[in-house]
Amino acid sequence: MAAPPEHVVAVVAHPDDAELMCYGTLLRYREQGAAVTVVVVTTGINGVSLADRGLGVSLTGRERTDESAASYAGSGIDLVTLGFTDGALVPDRELVSHIEAELARLGCTVLITHSLHAGPDHQDHLAAAQAAVNAATRIGTCATILHGQPHAPRGDFHPTVLVDITDLLPDKVKALAAHRSQAGRWYLGAEFTRHRAAEAGWSLAPVRAAAGRRFEAFETSLISLLAPEGDR
Ligand SMILES: [Zn+2]
């Protein structure tokens, strides 16, 4: 009996996080026939710098949701927003319950979320990761958890999984550019995205990096490694 298809679910704190950590990987899973859903926990409405706020710049949740929709347009990836307020996310009962309900509804088999070592990164990232991992352990279908690279270039991230996104890198750059309200942020620029994809290869698979291959990197915490066929 053929194994049931994968349902990959990316649970992330903010509207641009999945594009930054795993856009190429999500496209690769789609290519291989998996269903893919991105669950964005917050609206991202507070994603305005204090300097910009001083200049009277503000955001609506709708604006950022529209940007997300634009970045996944035509990809076959579904988008769900849970509507929490960004900036003050805590991995409490309410957050875990909401994420658990989504993972169960979708029949998640692969969870992608932030790193559990995302401490020096945005405070919401660690909270979303903790809640997502907690929720994933409560449902029976999720066998693999991948943790994407924190945006901030520091911390304790030690990846062991590489996904080759060489041919998908232009799509990733384009998807990040769709987040127009965040324009000017260094981590959304094409240069940083290309650097990150090269760096991942050079640090873990230099022979492939030297051959021009580019990657997204992940830590992993596997709940179960092997299950009888049809019993996943
Ligand atoms: Zn974020």
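Look up: the structure comes first, before these words.
Residues numbered from 1 in each chain as written. Predicted model: local features only at pLDDT ≥ 70, side-chain atom pairs only at ≥ 80, totals over all residues.

Student: How should helix α4 (residues 93–106) be read in this particular structure?
Tutor: Every α-helix winds through 3.6 residues per turn, so residues three or four apart in the chain are directed the same way. Here α4 spans 20 Å end to end across 14 residues, near enough to the 20 Å set by a 1.5 Å rise per residue. Immediately beyond the C-terminal end of α4, within one or two residues, lies Gly-107, with a positive phi of roughly 65°. (Helix = DSSP H or I, 4+ residues; strand = E, 2+ residues; numbered from the N terminus. Expected span 1.5 Å × (residues − 1).)

Student: Can you help me understand the pairing of strand β2 (residues 35–42) in this one?
Tutor: The side chains of a regular strand alternate between both faces of the sheet. In terms of burial, β2 is largely enclosed, as six of its eight residues are buried. In terms of strand pairing, strand β1 (residues 7–12) meets β2 through six bridges, oriented parallel. Residue Val-12 lies in a different strand from β2, and its bridge partner there is Val-40. As for the winding sense of the linkage, the β-α-β connection from β1 through helix α1 (residues 17–31) to β2 is right-handed. In the sheet, β2 pairs with strand β3 (residues 78–84) via five bridges, with the strands oriented parallel. From the neighbouring strand, Val-40 faces β3, where its bridge partner is Thr-81. (Buried ≥ 20, exposed ≤ 12 C-beta atoms within 10 Å, placed from the backbone. Pairing = 2+ DSSP bridges. Right-handed = clockwise from strand over helix to strand, strands pointing away.)

Student: Help me understand helix α5 (residues 123–136), please; the structure alone is not making it clear to me.
Tutor: For α5, spanning 14 residues, the distance from its first C-alpha to its last is 21 Å, which sits close to the expected 20 Å at 1.5 Å a residue. Most of α5 is tucked away, with twelve of its 14 residues classed as buried. Regarding α5, the residues found buried are Asp-124, His-125, Leu-126, Ala-127, Ala-128, Ala-129, Gln-130, Ala-131, Ala-132, Val-133, Ala-135 and Ala-136. Looking at the buried residues of α5, the elements they touch are β1, β2, α4, β4 (110–114) and β5 (144–148). (Contact = placed C-beta atoms within 7 Å.)

Student: Explain the sheet that holds β3 to me, please; I cannot follow it from the model alone.
Tutor: As a general point, the strands of a sheet are linked pairwise by backbone hydrogen bonds and lie either parallel or antiparallel. With mixed pairing, seven strands are arranged side by side in an open sheet as β3-β2-β1-β4-β5-β7-β6. Strand pairing shows two members of the sheet lacking a second neighbour, β3 and β6 (161–164), which therefore form its edges. Adjacent strand axes in the sheet meet at a mean angle of 25°, parallel and antiparallel pairs treated alike. Sheet strands touched by α1: β1, β2, β4, β5, β6 and β7 (215–220). Its angle to β1, the strand with the most contacts, is close to 175°. Seen against the sheet, α5 touches β1, β2, β4 and β5 and runs at an angle of roughly 160° to β4. (Axes fitted to C-alpha atoms, helices over the stretch in contact; angles between N-to-C directions.)

Student: Is there a simple way to explain the pairing of β7 in this structure?
Tutor: Here β5 runs beside β7; their pairing, made up of three bridges, is antiparallel. Bridged to His-147 within β7 is Glu-219. Note: β6 against β7, four bridges, orientation antiparallel. Residue pairing in the sheet places Val-163 in a bridge with Glu-216 of β7.

Student: Is there a simple way to think about the nonpolar core in this case?
Tutor: Within soluble globular proteins, side chains that are nonpolar generally end up buried alongside one another. Counting residues in each nonpolar core, the largest one holds 56 residues, and the members touching the most others are Ala-10, Val-11, Leu-26, Leu-111, Ala-128 and Ala-132. Examining the composition of this core, we find that nine residues originate from one element, α5, more than from any other. In this structure Ala-128 touches Val-11, Val-12, Ala-13, Val-41, Leu-89, Thr-113 and His-114, once residues within four positions along its chain are discounted. (Core = buried A, V, L, I, M, F, W, Y, C linked by C-beta atoms within 7 Å.)

Student: I tried to follow the packing of helix α6 (residues 169–177) against helix α7 (residues 190–204) on my own but got confused; where do I start?
Tutor: A pair of packed helices can be characterised by two numbers: the angle between their axes and the separation between those axes. Where α6 contacts α7, the two axes come as close as 10 Å, and the packing angle between them is 140°. In terms of orientation, α6 lies oblique with respect to α7. Our pair here, α6 against α7, has a crossing hand that is right-handed. From α6, Leu-169, Lys-172, Val-173 and Leu-176 reach across to α7, where they touch Ala-190, Thr-193, Arg-194 and Ala-197. Its residues placed into classes, the contact of α6 with α7 shows five nonpolar, one polar and two charged. (Parallel < 35°, antiparallel > 145°, perpendicular 65-115°, else oblique. Left-handed = near helix turned anticlockwise from the far one by under 90°. Nonpolar A, V, L, I, M, F, W, Y, C, P; charged D, E, K, R; others polar.)

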